[in-house]
Amino acid sequence: MPNLDRALVAPASVFASPDHVVRHPRLTLDCKREILWRWAWDEYLLDLALADGMPEGEPPRLPEVKAALRLLNIEWSPDPAAPAMPIPQFEQHDPYLAA
């Protein structure tokens, strides 16, 4: 079984290709979708960085990831209002409620 915690953070570091995610026999459909969705977001951010002049590295794989998602009946497009990084949530403690 692949390292799912790592796959959800950096899918390309766990799977050789998006197709490997789709064809993995032990992953649930929901798990495959989530991994590919996160991979698509990573590739989208890479595309944005390349458009802003970041030096090129490996070719973007967004079309490959989108094709894999289509095999799982999902169309992916970025939410323009979504943050580039997850926003940490902090618990707020009301000092007046402390007993």
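Described in the following lines is the structure provided in the data block. None of these values were measured; they are calculated from a predicted model.

**Quick look at the packing of helix α4 (residues 29-51) against helix α5 (residues 62-71)**
- At a minimum axis distance of 9 Å, the contact between α4 and α5 shows a crossing angle of 155°. What the angle tells us is that α4 and α5 run roughly antiparallel. The handedness of the crossing between α4 and α5 is left-handed. Of α5, the residues touching α4 (which contributes Arg33, Leu36, Trp37, Trp39, Ala40, Glu43, Tyr44 and Asp47) are Leu62, Val65, Ala68 and Leu69.

**So, the layout of surface pockets**
- Roughly 150 Å³ of internal volume is contained in the second largest pocket.
- Residue lining of the second largest pocket: Pro11, Ala12, Trp39, Asp42, Glu43, Leu46, Glu58, Pro59 and Arg61, and that is the complete set.
- Taken together, the elements giving at least two residues each to the lining of the second largest pocket come down to α2 (11-14) and α4.
- Broken down by element, the lining of the second largest pocket gets its largest block of residues, four residues, from α4.
- Here the lining of the second largest pocket is built from residues that sort into five nonpolar, no polar and four charged.

**Points about the side chain of Arg61**
- Within the secondary structure, Arg61 is located in the loop between α4 and α5.
- If sequence neighbours within four positions are ignored, Arg61 has contacts with Ala16, Ser17, Pro18, Trp39 and Glu43.

**Re the environment of Pro59**
- As for its position among the elements, Pro59 is in the loop between α4 and α5.
- Considered as a pair, Pro59 and Asp47 are 12 residues apart in the sequence and their alpha carbons are 9.3 Å apart.

What counts as what
- Residues numbered from 1 in each chain as written.
- Predicted model: local features only at pLDDT ≥ 70, side-chain atom pairs only at ≥ 80, totals over all residues.
- Heavy atoms only, no water.
- Axes fitted to C-alpha atoms, helices over the stretch in contact; angles between N-to-C directions.
- Helix = DSSP H or I, 4+ residues; strand = E, 2+ residues; numbered from the N terminus.
- Parallel < 35°, antiparallel > 145°, perpendicular 65-115°, else oblique.
- Left-handed = near helix turned anticlockwise from the far one by under 90°.
- Contact = heavy atoms within 4.5 Å.
- 1 Å grid on protein atoms, 1.4 Å probe; cavity = no way out; pocket = protein on both sides within 12 Å on 5 of 7 lines; lining within 4 Å.
- Points joined across faces, edges and corners; volume = space filled by probe spheres on them.
- Nonpolar A, V, L, I, M, F, W, Y, C, P; charged D, E, K, R; others polar.

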